[in-house]
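Here is what each chain is made of, one letter per residue.
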Amino acid sequence: MVQVSVRSQASKGTINKNIYGHFSEHLGRCIYEGIWVGHDSPIPNTEGMRNDVLEALRELKVPVLRWPGGCFADEYHWRDGIGPAEQRPRMINTHWGGVVENNHFGTHEFFRLCELIGAEPYINGNLGSGTVHEMQQWVEYMTFDGESPMANERRANGKEEPWKLKYFGVGNENWGCGGNMRPEYYADEYRRYATYVRNYGDNKLTKIACGPNSHDYEWTEVLMRNAGKYMDALTLHYYTLPTGDWKSKGSATDFDVAAWFTTLRRTLEMETLIEKHSAIMDKYDPEKRVGLYVDEWGTWYDVEPGTNPGFLYQQNTMRDALVAGINLNLFNNHCDRVTMSNIAQIVNVLQAMILTEGDQLVLTPTYHVFHMYQVHQDARHVALEFTSPDYTFGAERIPQLSLSASIDSTDALNISICNLHHEDAATITIDLEDNNRTTVSGSVLSHNALQGHNSFEQPEAVKPQAFTDAKLENGKLSLTVPAASVLVLKLQ
Ligand code: AHR
């Protein structure tokens, strides 16, 4: 029996809803087919964007959406994506499959997408192969409301008023696909580019610097030391590969218990990364003014057999549900520094929310976890005290349980629980501190196979079920958490 105590006075503050953010890149079938089908498509659409995907994303309450990349961002020249669609240049998407990019989805379409799903736009600028002038002009085009060449061009393209833009990234993975830079060089470049990323009128940008690749603590040190005071946020990218080997990552659906275990073990490394990068940030920014944005995370497997290797299309099982639940619990529990995260990616790429095929759509187990965890968006974090039993496999052990909790604006206490063990249930008692809460409800995501997933033939094989097995008595909650499951409880 595991004893958990709610410590409502020990809080890390508000869980920024942007922790539940998403990422959409011009990669494979994410933008094209996944979101954009064009005005003339037989697939029902709103201004070129497919209605079924829009509806599913609205339902998900996407707080913020990052675009246009990724590696694509540092090769993207925004002027190619404005003006009459038929006149937009075609280019090669060199990073992702070498396919033709017709630029039919550009700045105006992205902002419209955000409006349609109710998300804040997060635009990632091109530092790797673009110029300072180009970046400065893009910001002017989007946000200037006066008389200027860029603002006038925007008006000529049909948008009279400027858009509101809060989040702007100054480069992506500049230690890799964004220019192979050294941290000292990027820190200087960041300072130069960020100078011209201006706030026009009352539009106030959060300037986001490219942060480290997973364990690269030197990058964080140099960036914070040399450019910390010029940024509002620093990014962190970390992907979960079952094998840890980029050449042979492992299958999304054809895996054994050993791969289940190592995938979850590698996911838990996110906690070390957050703690160590945060400790460096604390040295230079003790007030925690600069947010740590985990703006790329999730599972990365070998692509589905027979699909374009450059398209990063993969299935999504109960294992992905656990990876999502664990990471979101970690972000909730570190919400004093982690103020945004963007899982990669929203449709048809990597650990996607949605998979599409022609006019068909499937919601993945990861989608369901994000849906269940919505309750934490902008809620007040609450600490939980407990010692997790070990989950042992071979010579290795990891905690069996991952938990986080928050109190929402209606004063409901929401607790999310992941049981990582592939076959053992966990019996737990939660001491709620007081007797004020009298009802408990919940939903659980589980399946009889670890490899359980939704396909176009069986789109509802994995979906949340009501959880009715929790007993609440005298301020104590008792329940058994099924093996390999994600559970969210509401106490009122
Ligand atoms: O999400 C896929 C790719 O992963 C992104 O384009 C890049 O930033 C990262 O390496």
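The coordinates are above.
In this report, we go over the structure that sits alongside the text. Within every chain, residues take consecutive numbers counted from 1 along the sequence as written. Restriction of local features to residues with pLDDT of at least 70 applies here, the model being predicted, together with a cutoff of 80 or more for giving and counting side-chain atom pairs; totals for whole chains, interfaces and linings are based on all residues. For side-chain calculations, the full set of non-hydrogen atoms in the structure is used, while hydrogens and water are omitted.

Here we take up helix α9 (residues 365–373). By the criterion of burial, α9 is predominantly enclosed, with 8 of the 9 residues buried. Looking only at α9, the buried set comprises Pro365, Thr366, Tyr367, His368, Val369, Phe370, Met372 and Tyr373. Exposure categories follow from relative accessible area, calculated using a 1.4 Å probe and restricted to protein chains: below 20% of the type maximum is buried, above 50% is exposed, and the middle band is partly exposed. Runs of H or I in DSSP of at least four residues are treated as helices and runs of E of at least two as strands, each being numbered from the N terminus.

A cavity, in this analysis, means grid points on a 1 Å lattice covering only the protein atoms where a 1.4 Å probe fits yet has no way out; a pocket is instead an open set bounded by protein on both sides within 12 Å along at least five of seven lines, and a residue lines either one if it has an atom within 4 Å of a point. Grid points are joined across faces, edges and corners, and a volume is the space filled by probe spheres set on the points. All chains considered together, the criterion is met by 2 cavities of 30 Å³ or more. For the largest cavity, the calculated volume is near 60 Å³. As for the largest cavity, its lining consists of 15 residues, of which Asn172, Glu173, Cys210, Thr235 and His237 are closest to the centre. Those elements that provide at least two residues to the lining of the largest cavity are β8 (120–125) and β11 (233–240). Gly falls in the polar group here, along with every residue not listed as nonpolar (Ala, Val, Leu, Ile, Met, Phe, Trp, Tyr, Cys, Pro) or charged (Asp, Glu, Lys, Arg). For the lining of the largest cavity, the residue count by class is 5 nonpolar, 7 polar and 3 charged. In this structure, the second largest cavity occupies an estimated 50 Å³ of space.

Here, a disulfide means two cysteine sulfur atoms that sit within 2.5 Å of each other. Per the counting criterion, the structure on display carries 1 disulfide. The thiol of Cys114 is unpaired, and the distance to the nearest cysteine sulfur, on Cys30, comes to 12 Å.

Being paired, for any two strands, means DSSP has found at least two bridges between them. Taken together, the 8 strands give a closed barrel; going around it, the order is β2-β5-β8-β9-β10-β11-β12-β13, and neighbouring strands pair in parallel fashion. Here the strands of the sheet are splayed against their neighbours by 25° on average, with no regard to which way each runs. Pairing between strand β12 (residues 291–299) and strand β13 (residues 338–344): 4 bridges, direction parallel. Bridge pairing in β13 places Trp297 opposite Ile343. Along the sheet, helix α2 (residues 107–117) contacts β5 (64–67) and β8; its crossing angle with β8, the most-contacted strand, is approximately 150°. Contact definition: two residues touch when any of their heavy atoms are within 4.5 Å. Where helices are involved, their axes are fitted lines through C-alpha atoms of the stretch in contact, as for all axes, and angles between N-to-C directions lie from 0 to 180°. Contacts between helix α7 (residues 257–284) and the sheet are confined to β11, β12 and β13, with β11 contributing the most and set at about 160° to the helix.

If the charged atoms of two oppositely charged side chains come close together, the side chains can form a pair. Salt bridge criterion: a side-chain nitrogen from Lys or Arg within 4 Å of a carboxyl oxygen from Asp or Glu. In the structure shown here, the tally under the stated rule is 24 salt bridges. A single salt-bridge network, built from bridges that share partners, covers Asp282, Asp285, Lys288 and Arg337.

Within helix α6 (residues 217–227), burial applies to Trp219, Thr220, Glu221, Val222, Leu223, Met224 and Ala227. Those residues of α6 hidden inside the fold are in contact with α5 (183–195), β10 (206–209), β11 and α7.

This paragraph deals with the nonpolar core. Nine residue types can take part in a nonpolar core, namely buried Ala, Val, Leu, Ile, Met, Phe, Trp, Tyr and Cys, and a core is a set of them joined through side-chain atoms within 4.5 Å. Within the largest apolar cluster, 121 residues are counted, with the highest numbers of intra-cluster contacts made by Phe168 and Tyr186. When residues no more than four places from it in sequence are discounted, the contact partners of Phe168 are Tyr122, Ile123, Gly125, Met135, Trp138, Val139, Met142, Val197, Leu205, Thr206, Lys207 and Ile208. Grouped together as the second largest cluster of nonpolar side chains are 26 residues, Val2, Val444, Ala470 and Leu477 included.

Let us now look at the site of the ligand. Around the ligand there are 13 residues in total, and Glu25, Cys71, Glu173, Tyr239 and Glu296 lie nearest to it. Interatomic distance of 2.7 Å between a side-chain N/O atom of Glu296 and an oxygen atom of the ligand. For the ligand, whose unbound accessible area comes to 290 Å², protein coverage reaches 94%. Residue composition of the shell around the ligand, grouped by class: 7 nonpolar, 3 polar and 3 charged. For this description, a residue counts as near a given molecule or strand if any of its non-hydrogen atoms is within 4 Å of it. Counted as a polar contact is a pair of N or O atoms within 3.5 Å, where, for protein atoms, one must be capable of donating a hydrogen and the other of accepting one, and residues adjacent in sequence contribute only when both atoms are in side chains. Throughout, the Shrake-Rupley method with a 1.4 Å probe supplies accessible areas, and for residues the shown protein chains are the sole cover considered.

This paragraph deals with the environment of Gln351. Structurally, Gln351 can be placed in the loop between β13 and β14 (354–357). Judged by its relative accessible area of 0%, Gln351 is buried. Each C-alpha atom, one on Gln351 and one on Pro162, is 33 Å from the other, the two residues being 189 residues apart in sequence. Ignoring sequence-local partners within four residues, the contact set of Gln351 consists of Gly298, Thr299, Gln314, Asn316, Asp320, Val323, Ala324, Ile343, Ala344, Gln345 and Thr366. In terms of polar contacts, Gln351 uses its side chain to reach the backbone amide nitrogen of Thr299, at 2.9 Å.

Quick look at the side chain of Ser8 now. Looking at where Ser8 falls in the secondary structure, it is placed in the loop between β1 (2–7) and β2 (21–23). Judged by relative accessible area, Ser8 falls into the buried class, the value being 13%. At 2.6 Å, the side chain of Ser8 forms a polar contact with the side chain of Glu433. Other than its neighbours up to four places away in sequence, Ser8 contacts Arg380, Val382 and Glu433.

Turning our eyes to something else, we now look at the packing of aromatic side chains. Only the six-membered ring of Trp is used, alongside the rings of Phe and Tyr, when aromatic pairs are assigned; centres must lie within 6.5 Å, and planes under 30 degrees apart are stacked while those over 60 apart are edge-to-face, with the rest tilted. For the coordinates displayed, the defined rule picks out 23 aromatic pairs. Aromatic side chains Tyr167 and Tyr293 sit 6.4 Å apart centroid to centroid with 70° between the ring planes, which places their arrangement in the edge-to-face category. Here Tyr167 is found in strand β9 (residues 167–170), whereas its partner Tyr293 is found in strand β12, with 126 residues between them in sequence. When its relative accessible area of 6% is taken as the criterion, Tyr293 is described as buried. On the basis of an interplanar angle of 25° and a centroid distance of 5.6 Å, the ring pair of Tyr186 and Trp219 is categorised as stacked. Highlighted residues: Tyr186 in helix α5 and Trp219 in helix α6, separated in sequence by 33 residues. Note on Tyr186: relative accessible area 0%, which makes it buried. The buried category is assigned to Trp219, whose relative accessible area is 1%. Taken together, the aromatic side chains of Trp36, Trp67, Phe72, Tyr76, Trp78, Phe105, Phe110, Phe111, Trp138, Tyr141, Trp163 and Phe168 make up a single cluster linked through ring pairs. In this structure, Arg29 packs its charged tip against the face of Tyr313, placed 5.0 Å from the ring centre. Over a ring means this: the NZ of a Lys or the CZ of an Arg is within 6 Å of the ring centre and within 35 degrees of the ring normal.

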